[in-house]
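Here's the letter readout for the chains.
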Amino acid sequence: VFTCWVLVFVAQPALVARGSLALHRKVGMIGAGLAVAMIVMGLAATLFSVRIDRVPPFFPPAIFLVMNTIGILVFGGLVAAGVALRRKAEWHKRLMLCATVSILGPGFGRLLPMQDFGAAAPLVMFGAIAAFAFAGPVADLVVRKRVHPAYFWGVGAILLSMVLIGPLAMSPPGQAALRMVQ
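Predicted model, so just to flag it, every value in this text is computed and none were measured.

Visitor: Even after reading the chapter, I still don't get the overall build of the protein chain, so can you show me in this structure?
Guide: Helices and strands together make up the secondary structure of the protein chain, namely 8 helices and 0 strands. Its C-alpha atoms give the protein chain a radius of gyration of 17 Å, near enough to 16 Å, the size a compact globule of 182 residues would have. Based on the C-alpha atoms only, the size of the protein chain along its principal axes is roughly 50 × 35 × 30 Å. The buried share of the protein chain, taken over its 182 residues, is 40%.

Visitor: What am I meant to see in the side chain of Ser102 here?
Guide: Positionally, Ser102 belongs in helix H4 (residues 89–102). There is a polar contact of 2.6 Å between the side chain of Ser102 and the backbone oxygen of Ala99. When near neighbours in sequence (up to four residues on either side) are disregarded, Ser102 contacts Gly71, Val74, Phe75 and Ile158.

Visitor: So what exactly am I meant to see when it comes to the packing of aromatic side chains here?
Guide: Two numbers describe a pair of aromatic rings. These are the distance of the centres and the angle of the planes. By the definition in use, this model includes 3 aromatic pairs. Seen in terms of ring centroids, Trp5 and Phe75 are 5.1 Å apart; in terms of plane orientation they differ by 80°. Their pairing is edge-to-face. With a gap of 70 residues between them, Trp5 in helix H1 (residues 2–17) and Phe75 in helix H3 (residues 61–84) connect regions that are remote in the sequence. Consider the rings of Phe108 and Phe132, whose centres lie 5.4 Å apart with planes at 50°: the pair is tilted. In this pair, Phe108 is assigned in helix H5 (residues 105–111) and Phe132 in helix H6 (residues 121–144), connecting sequence segments 24 residues apart.

Visitor: Help me out: how do you make sense of the packing of H3 against H4 in this one?
Guide: Each pair of packed helices can be described by the angle between their axes along with the distance between the axes. Two numbers describe how H3 lies on H4: the axes approach to 8 Å, and their chain directions differ by 165°. On the basis of the axis angle, H3 is roughly antiparallel to H4. The two elements H3 and H4 cross, and the hand of that crossing is left-handed. Between H3 and H4, the contacting residues are Gly71, Val74, Phe75, Leu78, Val79, Ala81, Gly82 and Val83 on the first element and His92, Leu95, Met96, Cys98, Ala99, Thr100 and Ser102 on the second. For the contact of H3 with H4, the residue count by class is 10 nonpolar, 5 polar and no charged.

Visitor: What should I look at first to understand the environment of Ile158 in this one?
Guide: Note that Ile158 resides in helix H7 (residues 149–170). For Ile158 and Gly109, which are 49 residues apart along the polypeptide, the C-alpha to C-alpha distance reads 17 Å. The residues touching Ile158, leaving out its near neighbours within four places in the chain, are Val74, Leu78, Cys98, Val101, Ser102, Ile129 and Ala133.

Visitor: It is not clear to me how a nonpolar patch on the surface should be interpreted in this structure. Could you clarify?
Guide: Taken together, the side chains of Phe134, Val138, Val142 and Val143 make up a nonpolar region of the molecular surface, amounting to roughly 400 Å² of accessible area. Note that Val143 resides in helix H6.

Visitor: When you look at the pattern of salt bridges in this model, what are you seeing that I'm missing?
Guide: Between side chains of opposite charge, pairing is possible as soon as their charged atoms come close. The final tally for this structure, using the stated rule, is 4 salt bridges. Across the pair Lys93 and Glu90 runs a salt bridge, and its minimum N-O distance is 3.6 Å. One end of the pair is Lys93 and the other is Glu90, both in helix H4 and 3 residues apart, which spans about a single turn. On the basis of relative accessibility, which here comes to 35%, the residue Glu90 falls in the partly exposed class. In this structure, Arg94 and Asp140 form a salt bridge, with 2.7 Å as the shortest nitrogen-oxygen distance. Pair noted here: Arg94 is in helix H4 and Asp140 is in helix H6, with a separation of 46 residues, a long-range link. The pair formed by Arg94 and Asp140 is uniform in burial state, with each residue classed as buried.

Scoring rules and cut-offs
Residues numbered from 1 in each chain as written. Predicted model: local features only at pLDDT ≥ 70, side-chain atom pairs only at ≥ 80, totals over all residues. Heavy atoms only, no water. Helix = DSSP H or I, 4+ residues; strand = E, 2+ residues; numbered from the N terminus. Rg over C-alpha atoms; globule rule 2.2 N^0.38 Å. Buried < 20%, exposed > 50% of the residue type's maximum accessible area, 1.4 Å probe, protein only. Polar contact = N/O pair within 3.5 Å; in protein donor to acceptor, adjacent residues only side chain to side chain. Contact = heavy atoms within 4.5 Å. Phe/Tyr/Trp six-rings, centres within 6.5 Å; stacked < 30°, edge-to-face > 60°. Axes fitted to C-alpha atoms, helices over the stretch in contact; angles between N-to-C directions. Parallel < 35°, antiparallel > 145°, perpendicular 65-115°, else oblique. Left-handed = near helix turned anticlockwise from the far one by under 90°. Nonpolar A, V, L, I, M, F, W, Y, C, P; charged D, E, K, R; others polar. Patch = residues over 30% accessible without salt bridge, like charges linked within 9 Å, V, L, I, M, F, W, Y side chains within 5 Å. Areas by Shrake-Rupley, 256 points an atom, 1.4 Å probe, with all protein chains shown as cover. Salt bridge = Lys/Arg side-chain N within 4 Å of Asp/Glu carboxyl O.

Limitation: the analysis is restricted to geometry and does not speak to function.
Written out as structure tokens, the structure reads:
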């Protein structure tokens, strides 16, 4: 399902560039359905991984639980905003890009040598995601000479979520959630 999202995400701009707006809209509906499935599957996989103690060794279980939960919820919120603003192309495409960036963590966890980073692994993950998140605003700045407001919302949501993960994971409610899931 997550791979299908990436395929749809890559195909959609090509459809627009080709002038196939009707097909873009139809595929977009499929994408919206995929997003819902991704939220359900992402939450289920996170809870299952914590429950059976299959959390990657470079993440404390509480960090993993909160990071993945917040990440998939940020994704869902950004996709919902992108769908709601689908008639405003400049907002729509940037919010969808931010939504996709918000779920890069598990992919980076598989591609980067996370175990080599030790206790710094969460910071490396956040840095890699932030680098991708800032690519869009930087491109806007270079091409348009200003950053579109959609990036303030999208990148802001990503950065805020990353800042909140540690404190939420280590808070009494975060620890209680971890105990409940385990």
